[in-house]
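# Observations on the three-dimensional arrangement
Below, each chain spelled out in residue letters.
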Amino acid sequence: MYDQLQSIEDRYEELGELLSDPDVISDTKKFMELSKEEANSRETVEVYRRYKEVVTGISETEELLGEKLDAEMQELAKEELSELKTEKEELEERITVLMIPKDPNDDKNIIMEIRGAAGGDEAALFAGDLFEMYQSYAASQGWKFEVMDANITDIGGYKEVTVMISGENVFSKLKYESGAHRVQRIPSTESQGRVHTSTATVVVLPEAEEVELELEDKDIRVDIYHASGAGGQHVNKTASAVRLTHIPTGVVVAMQDQRSQLQNREKAMKVLRTRVFDQIRQESQSEYDANRKSAVGTGDRSERIRTYNFPQNRVTDHRIGLTIQKLDRILSGELSEIVDALIIYDQTAKIEEMQNGN
């Protein structure tokens, strides 16, 4: 591991030189790539450099203790040695986490799709609750939360809603949300007071950029039609809704949330590119294997990941056995406790894999 760290530090120093090279500075794309690489390795290099200083400090202090010192100096040296050894252990833990292979999508924006699944109107209402939960969480993180398209039911829930969440490290925090979310509660229409179980599904896709996947016009069929509202009522007299079909993969995206055809087409293209990119990733065997190794989930979007139990004010994440008795606060957007637990659980499993040589 420490040979690898030295290589990272050498590369970091090389990047510093390259970023001051006039030829690199004049090449915007190259400059951005190298700047991102430097930024991604900065923390690792800083921690490694401090680690080397601490190891040197331990060695020098142990040498000093081998000499004849007065009682006061002896005590000070012992105290310093103890502090340095404690810091060395802490730095080793940080280095281990920093050396976990980084998911290349972690710093990307996401497209999130929430759908009411089993349970009819109650499932659609629960999809609406999840929508509001993620919206509030995004606000608490300082992220931009933008509705791309929504299919609203007559009673105010969502058959499906697509949103784009933009900001810092969005995918790294929300990538574990994909799957089936189950709710247990008494619906407002239930006269007998019985608890019903419904589900909604969440899909989290890292946004695909044009440089990653270029869709050719000849591969896309464009259909233009009139937008309609909840229940099918007519809401737009101009043909502004757009349906894009990627012919090679069969992926279809319809967008009608915006008033202008151009805006709907731009948003539809973002979603289409991301879905096609995701389908290609899912079909890749190596990507599939990588997803299977995640301790938090298999990547299967039908997998039941979490239960929200209203009578007991309880949320349980089944993948890591985490139960929290504050459902009301979680649905209001206080998701950090769950998000952090999922990240730590996954990191711990990956560290064990690294140590076992898997």
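See the structure above.
Only a predicted model underlies this, so the values are computations on that prediction, with no experimental measurement involved. (Residues numbered from 1 in each chain as written. Predicted model: local features only at pLDDT ≥ 70, side-chain atom pairs only at ≥ 80, totals over all residues. Heavy atoms only, no water.)

### Some remarks on the overall build of the protein
Across its full length, the protein carries ten helices and eleven strands. Out of the 358 residues in the protein, the part that is buried amounts to 39%. A sequence separation of at least 24 residues applies to 60% of the contacts in the protein between residues at least 6 apart. Of the roughly 19,800 Å² of accessible surface on the protein, a fraction of 46% belongs to carbon and sulfur atoms. (Helix = DSSP H or I, 4+ residues; strand = E, 2+ residues; numbered from the N terminus. Buried < 20%, exposed > 50% of the residue type's maximum accessible area, 1.4 Å probe, protein only. Contact = heavy atoms within 4.5 Å. Areas by Shrake-Rupley, 256 points an atom, 1.4 Å probe, with all protein chains shown as cover.)

### Structural notes on the nonpolar core
Here is a general trend for soluble globular proteins: nonpolar side chains tend to be buried in one another's company. Counting residues in each nonpolar core, the largest one holds 37 residues, and the members touching the most others are Met112, Ile114, Leu130, Tyr134, Ile165, Leu174 and Tyr308. Secondary structure elements with two or more residues in this core: strand E1 (110–116), helix H5 (120–141), strand E3 (158–166), helix H6 (170–174), strand E5 (196–206), helix H9 (327–331) and helix H10 (336–356). Per-element accounting of this core gives the leading share, eight residues, to H5. Apart from the residues within four sequence positions on either side, tyrosine 134 is in contact with Met112, Ile114, Phe145, Leu174, Glu177, His181, Val202, Arg306 and Leu335. In this structure, Met164, Leu215, Val242 and Val253 belong to the second largest nonpolar core, which totals 15 residues. (Core = buried A, V, L, I, M, F, W, Y, C linked by side-chain atoms within 4.5 Å.)

### Regarding helix H1 (residues 2–18)
Spacing of three or four residues puts side chains on the same side of an α-helix, whose turn is 3.6 residues. For H1, built from 17 residues, the straight-helix expectation of 24 Å at 1.5 Å per residue is met to within 8% by its first-to-last C-alpha distance of 24 Å. For H1, the full list of buried residues reads Leu5, Glu9, Tyr12 and Leu15. The buried residues of H1 occupy an angular sector of 120° when the element is viewed end-on, so they sit on one face. Projecting away from the buried face of H1 at angles above 90 degrees are the exposed residues Asp3 and Glu17. Check the buried side of H1 and you find it contacts helix H3 (28–65) and helix H4 (71–98). (Expected span 1.5 Å × (residues − 1). Arc of directions from axis to C-beta.)

### Notes on the pairing of strand E10 (residues 314–317)
Neither face of E10 is exposed, since Arg314 and Thr316 on one face and Val315 and Asp317 on the opposite face are all buried. Strand direction decides the pairing type here: strand E9 (residues 304–309) and E10, joined by four bridges, are antiparallel. Bridge pairing links tyrosine 308 to valine 315 in E10. Here E9 hands over to E10 after four residues, with asparagine 313 in that stretch at a positive phi of 50°. Hairpin connection, E10 to strand E11 (residues 322–324): the antiparallel pair is bridged by four residues, and glycine 321 has positive phi, about 65°. (Pairing = 2+ DSSP bridges.)

### Re the pairing of strand E8 (residues 251–255)
Of the two faces of E8, the one holding Val251, Val253 and Met255 is buried and the one holding Val252 and Ala254 is not buried anywhere. Examined bridge by bridge, strand E7 (residues 241–246) and E8 share five bridges and lie antiparallel to one another. Each bridged residue has a counterpart across the sheet, and for arginine 243 the counterpart in E8 is alanine 254. Hairpin connection, E7 to E8: the antiparallel pair is bridged by four residues, and glycine 250 has positive phi, about 80°.

### A closer look at the pattern of salt bridges
Once their charged atoms are close, side chains differing in charge can pair, the charge on each being opposite to the other. Enumeration over the complete set of coordinates arrives at 23 salt bridges. Residue glutamate 53 is joined to arginine 50 by a salt bridge in which the shortest nitrogen-to-oxygen separation is 3.0 Å. Separated by three residues within a single helix, glutamate 53 and arginine 50 lie in helix H3, roughly one turn from each other. Judged by its relative accessible area of 32%, arginine 50 falls in the partly exposed class. In this structure, arginine 306 and aspartate 317 form a salt bridge, with 3.1 Å as the shortest nitrogen-oxygen distance. Remark: aspartate 317 occurs in strand E10 and arginine 306 occurs in strand E9; sequence separation between them is eleven residues. Of the two residues, arginine 306 and aspartate 317, both sit in the buried class. (Salt bridge = Lys/Arg side-chain N within 4 Å of Asp/Glu carboxyl O.)

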